[in-house]
Protein chains: 2
Amino acid sequence: MILDRIESPNDLKELNISELNELKKEIRKLILTKVSKVGGHLGSNLGSVELEIALHYVFNSPKDKIVFDVSHQSYTHKILTGRKEAFLNKKAYDDVTGFTSKTESPHDMFTVGHTSTSISLAYGLAKARDIKGTKENIIAFIGDGSMSGGEAFEGLNNAGTLKSNFIVIFNDNQMSIANNSGSLYDNLEELRNTKGKSKNNFFKALGFDYKYISKGNDVKTLIEVLEEVKDIDHPIVLHINTIKGLGYKKAVEAKDQYHSRMPFNLKTGESTLPSKPSYSGLIRNYLIKNLDTHKDLALLSAAAPFFYGNKETIEKYKDRILDLGIAEESLFSVSAGLSHEGLRPVVSIFSFFIGRAIDQLLIDASLNKENTLILIHGGTFSEDAKGSTKSATHHGIYDSALISNIPGLLYIHPTNEKELFKIMDDYIKGRLNGVIALRVPTVRVETVNETLSKNYLDIKSKVINNGSKVALLGLGNFYFKAEEVYYALEKLGIKATLINPLFSNVLDIELLESLKANHSLVVTFEDEILDGGFGEKVARFYSSSDMKVINYGFKKDFYDYVSIEDTLKDNHLTLKQVVKDIKQTLK
Amino acid sequence: MILDRIESPNDLKELNISELNELKKEIRKLILTKVSKVGGHLGSNLGSVELEIALHYVFNSPKDKIVFDVSHQSYTHKILTGRKEAFLNKKAYDDVTGFTSKTESPHDMFTVGHTSTSISLAYGLAKARDIKGTKENIIAFIGDGSMSGGEAFEGLNNAGTLKSNFIVIFNDNQMSIANNSGSLYDNLEELRNTKGKSKNNFFKALGFDYKYISKGNDVKTLIEVLEEVKDIDHPIVLHINTIKGLGYKKAVEAKDQYHSRMPFNLKTGESTLPSKPSYSGLIRNYLIKNLDTHKDLALLSAAAPFFYGNKETIEKYKDRILDLGIAEESLFSVSAGLSHEGLRPVVSIFSFFIGRAIDQLLIDASLNKENTLILIHGGTFSEDAKGSTKSATHHGIYDSALISNIPGLLYIHPTNEKELFKIMDDYIKGRLNGVIALRVPTVRVETVNETLSKNYLDIKSKVINNGSKVALLGLGNFYFKAEEVYYALEKLGIKATLINPLFSNVLDIELLESLKANHSLVVTFEDEILDGGFGEKVARFYSSSDMKVINYGFKKDFYDYVSIEDTLKDNHLTLKQVVKDIKQTLK
């Protein structure tokens, strides 16, 4: 194997073109094998093998600095920079994360995971270089999808003014996580079609030198081009045409399905994990059904139309399924515009990306009282953090801290199907208005007999079981944790009160007040960090009374590829720990 | 007066060109008079009088919909849409806000105040129109400064794909709140110099039809152009060259100083308010002094270089004073890049704009542990909300709710000059590392004898006076409120403990624990909304103990041009109310 000879990028420079071409096959095979076994990002990694080989052949990392955007396409880079074992050896698969990681290698400039930041990060590196008077190459490696995010433009706008070296590797594989949205992509198509010669050129308009490379999967071509721009004294965009999924036919043919995969069978392409019902699936069906019956319903996403269906569905309803590209800022402004004209927009977004849209939620949506139903997906620590596979950039535990304190926004945390669809139904039918965030439950998809009372909109929590002494308030996913505790206490002869609070940022004052009569302890449970969340509001409510309160949730911290078991224990969240605490406090 | 005949935009359509030219003079005079008397945005309003007259002459508002970006340039629009009294009559000056306001007029589409949202908002209106099948004109009115914000690009990228009417009025007065930053502005200059004929064209590259109008302060020209594009069936950018400050020589000559003004003398241009020392001024001097002695210091802002000095200072230190344009997202990524290379970046930002940068603070700065000192300016309700002049979009009371729960970020609230500069000094000299937010105090600029102990970095609050029974924790600006209460209690024979907690998001556990010995009540004070803030953390800390806690701060709400007195009362924040509460709880 050629790879046997590669311990660092320097070793690469000893190889000739035919060896490099051999190497690329070896790497592609490793990526395919690992991703099919443990899951990961596939298409973008397969498409950029040659590009990353050529970059490390020509430049001198880490002196020359490469900043990967999102960095889910950095597998080849990892293999070439001393981390091949994590791709060669099954037992070492978990030794590297799926993104660049500062703590993993000096070749990784930043720990990344969210999009459209690379040009700004690299601009910072370039300004530092110029201030210090050194001479290294600064390279931002960004895909066409990420270019739709506003911060990418902000980065270009500043980097375009540099009078020094700055290289944007623009990896155009004609796909984002989904199909690209926006007029920028028409310009990119025009540039591809004209081999870079169209007079309409987004990058040149922003002051960049520009070069188009159509053969972006040819190592020799890439090396020649990169040699040419190495040590260049001004900002340049290399617009490089690559094939997403190259080397695996199915991934080339269905680029969206192979953007990232859970473990799958390489021969058939089928998932090797048992499929299970998910709320996402139920919501998708529900929303599409309602598009037919409610002509004022519009469904929005930022590069995530998959929340609403497959290509055919999106095409069928394209007037009212709006994908804006990776443009979370724009998302809530556009939604406000639709609401202003009487439409009822639904916005779907992952918990861990909501930080991109806070000001627009505050001003355009909330201050303007524009109807907006926000479906927060992946808002959980517990369920999604299987084994030790979850990056700190993708934990859904900060959303309440970031949005629940926005005035005018009502944050609802249903615990089951009936509650979920009652709330969505009320919004779609105009009974529930304003800015409503709904944390999509991630555990136990089941239909229960419980339904919401008609007056739940008056901020009524649901008392599931009436007891005394101790009241358990289990929010959203952690309702089930409260339920477990309830049964454990019952076994100990303590008949607790079990409550599904439903709302996290507005308290059911009447209920909380009434608990004072025959309870001395209120215990809250939430599937997120405690700081800024539900439990603290309950603690504040009771703070000048005799009621004792204990809050369970996660400590404010980053949890990068940690084990869920250890984390639960560290946060005093195991059943045993909770029951012990309660017994102690009741004494 | 021509204006006597204008009650609504319809009346405008009865006038001939010479009358319109007379009208523009009348309006300009009104704007100058009002702003000089009560303060407001001046330059952009003076520069866009003709444009807004022409828009209302040609289009039929509110059927045709005009969305103003930021909307501080909407004074002429307000005068023409039934609100002239608020400019003619001193007593009615306060009847309108300084921004468009949904509750004020059906001609105002949204309540705005932050930048770069207009194209996205208008795109939402346009999609709604197309879904409903109506035919009105949709107009986004945006200045050149706002175009540097990422969301403006996100809006263009989507609006550029429309197959229906969409008009961007691009008001290019060659100035933002400060000088514009970025390569986009080189392109705009090229477009102005070539009368729109340069083949490099940012807007065309994004799929827009395009027209350049050099005589942007000529009513007749503007009417002709607008008549031409009215009811156009595709997206177009009208690039309109206007003169910021036109009609007031001083404002044309010093565009930055007359962007917005507090009351001033029209003859001399001098402020009519007594000047008073401000922390901003002290900080500016301190930072500039340190630029000379600390070559690793870099100062960043998003279109607010005035935090660091005047034009000459910025020019002198241009390698290390980086203004990124209105690009708050990029701000913390660029800062992370600088830190990665060993520089010590300082980022200055207004409290009310921090919501634009949450994800970058979370990921690029905090997760990556990149040194960042964030100076949060205007973080207050009390002091800046003089009389009834403060827009809900510009209250500095949400920053703690939005950033203090970010892991890894330490939020410090100094109360005086010594504390402030000790913290800044420690950061600049490398004794204080990581992501540090510092809430710049806004009250009582004074030097005190108190200095921070050397070990304050171990999260040590400062006990100012040792007492018993009740402990008063006054955070930042509200330290002085706690002090007032302290003296009031003293008069009643209660010797309280007075504490300056200094840190809002990490508690001095040892101190709080020690208070249990001889205190039964802890009272917190913070100059911001209570939800997600400091007080709730203290309440959580004591929640399972016998300590009672009362939190003082502001209810989570929007406060649009409210009176400070009423607001303090509504929030139980007057001295009388607080003392009464404490006495009652101590019983």
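Everything numeric here is computed off the predicted structure, so don't read it as measured data. Note that residues are indexed from 1 along each chain, following the sequence as it is written. Labels follow written order: the first chain is A, the first ligand is 1, and so on. Side-chain atom pairs in this predicted model are given and counted only at pLDDT of 80 or more, local residue features only at pLDDT of at least 70, and totals for whole chains, interfaces and linings cover all residues.

Considering the interface of chain A and chain B
Reasoning step 1: Taken residue by residue, the interface counts 97 residues in chain A and 97 residues in chain B.
Reasoning step 2: When residues of the side of chain A that touches chain B are assigned to their parent elements, the largest contribution, 12 residues, is made by helix 7 (residues 118–132) of chain A.
Reasoning step 3: Side-chain classes follow a simple rule in which Ala, Val, Leu, Ile, Met, Phe, Trp, Tyr, Cys and Pro form the nonpolar group, Asp, Glu, Lys and Arg form the charged group, and the remainder, Gly included, forms the polar group. Each residue belonging to the side of chain A that touches chain B can be placed in one class, and the counts come to 35 nonpolar, 38 polar and 24 charged. Here, residue contact means that the backbone-derived C-beta atoms of the two residues sit within 7 Å. Each helix corresponds to a stretch of at least 4 residues labelled H or I by DSSP, and each strand to a stretch of at least 2 residues labelled E; elements are numbered beginning at the N terminus.

Examining the sheet that holds strand 2 (residues 65–68) of chain A
Residues and elements named next belong to chain A.
Reasoning step 1: In this analysis, strands are considered paired if DSSP registers two or more bridges between them. One open sheet accounts for five strands, arranged 2-3-4-6-5; its pairing is parallel. The open sheet terminates on both sides in strands that have one partner only, identified here as strand 2 and strand 5 (209–213). Ignoring which end each strand starts from, the neighbouring axes of this sheet average 20° apart.
Reasoning step 2: When strand 3 (residues 138–143) meets strand 4 (residues 166–172), the two strands line up parallel, connected through five bridges. By the bridge assignment for strand 4, Ile142 is matched with Phe170. For helices, the axis comes from a line fit to the C-alpha atoms of the stretch in contact; other axes are also lines fit to C-alpha atoms, and the angle between any two N-to-C directions lies between 0 and 180 degrees.

Considerations on the relation of the copies chain A and chain B
Reasoning step 1: Structural alignment of chain A on chain B gives an RMSD of 0.0 Å, achieved by rotating through 180° and translating 0.0 Å along the axis. The two molecules are tied by a two-fold rotation axis, judged by turn and shift.
Reasoning step 2: An overlap of 100% is found between the interface residues of chain A and their copies at the interface of chain B, pointing to a shared contact surface. What sets the superposition is a least-squares fit of C-alpha atoms, and only residues with pLDDT of at least 70 in both copies go into it.

Things to note about the nonpolar core
Reasoning step 1: Counting residues in hydrophobic clusters, the biggest one holds 299 residues, and the most contacted among them are Val67 of chain A together with Val67 of chain B.
Reasoning step 2: The residues contacting Val67 of chain A, other than those within four sequence positions of it, are Met109, Phe110, Ser118, Leu121, Ala122, Leu125, Ile139, Ala140 and Phe141 of chain A. By convention the nonpolar core is taken to be a set of buried residues drawn from Ala, Val, Leu, Ile, Met, Phe, Trp, Tyr and Cys and joined through C-beta atoms within 7 Å. Buried, partly exposed and exposed are defined by the number of other C-beta atoms within 10 Å of a residue's own C-beta, namely 20 or more, between the two limits, and 12 or fewer respectively, with C-beta atoms placed from the backbone.

Considerations on the pairing of strand 10 (residues 344–350) of chain B
Residue and element names in this part refer to chain B.
Reasoning step 1: By the criterion of burial, strand 10 is predominantly enclosed, with seven of the seven residues buried.
Reasoning step 2: Judged by which residues are buried, strand 10 turns out to be covered on both faces: Arg344, Val346, Ser348 and Phe350 on one side and Pro345, Val347 and Ile349 on the other are all buried.
Reasoning step 3: Relative to strand 10, strand 8 (residues 297–301) runs parallel, the two sharing five bridges. Of the residues in strand 10, the one forming a bridge with Leu297 is Arg344.
Reasoning step 4: The pairing of strand 10 with strand 11 (residues 372–377) spans five bridges and is parallel.

Brief notes about the domain arrangement of chain A
By a widely used convention, the size of an interface equals the accessible area lost when the partners come together.
Residue and element names in this part refer to chain A.
Reasoning step 1: Partitioning chain A into domains gives domain 1 (2–261), domain 2 (279–439) and domain 3 (455–586).
Reasoning step 2: The split into domains, and so the bounds of each, comes from an automatic or database assignment of domains. One C-alpha centre belongs to domain 1, the other to domain 2, and the line joining them spans 31 Å.
Reasoning step 3: On the domain 2 side, the residues contacting the 19 residues of domain 1 number 15 residues.
Reasoning step 4: Of the residues in the side of domain 1 that touches domain 2, the class split is three nonpolar, 15 polar and one charged.

Looking at the sheet that holds strand 10 (residues 344–350) of chain A
All names here are of chain A.
Reasoning step 1: Strand order in this open sheet of six strands is 9-8-10-11-13-12, and the pairing throughout is parallel. The open sheet terminates on both sides in strands that have one partner only, identified here as strand 9 (321–323) and strand 12 (409–412). Geometrically, the sheet is characterised by an average inter-axis angle of 20° between neighbouring strands, direction not taken into account.
Reasoning step 2: Of the pairings in the sheet, the one linking strand 12 to strand 13 (residues 435–439) comprises four bridges and is parallel in character. Bridge pairing in strand 13 links Leu409 to Val435.

Overview of helix 7 (residues 118–132) of chain B
Reasoning step 1: The length a helix should cover is 1.5 Å for every residue beyond the first. Spanning 15 residues, helix 7 of chain B covers 21 Å between terminal C-alpha atoms, matching the ideal 21 Å at 1.5 Å per step.
Reasoning step 2: A large share of helix 7 of chain B lies buried, amounting to 12 of its 15 residues.

What about unusual backbone geometry?
Backbone geometry follows two general trends: most residues other than glycine have a negative phi, and most peptide bonds adopt the trans configuration.
Residue and element names in this part refer to chain A.
Reasoning step 1: Cis peptide bonds are those with omega within 30 degrees of zero, and the linkage from Ser61 to Pro62 qualifies with 5°.
Reasoning step 2: In this structure, Pro62 sits in the loop between helix 4 (49–58) and strand 2.
Reasoning step 3: Phi at Lys369 is positive, roughly 50°, even though this residue is not glycine.
Reasoning step 4: Mapped onto the fold, Lys369 is located in the loop between helix 16 (358–367) and strand 11 (372–377).

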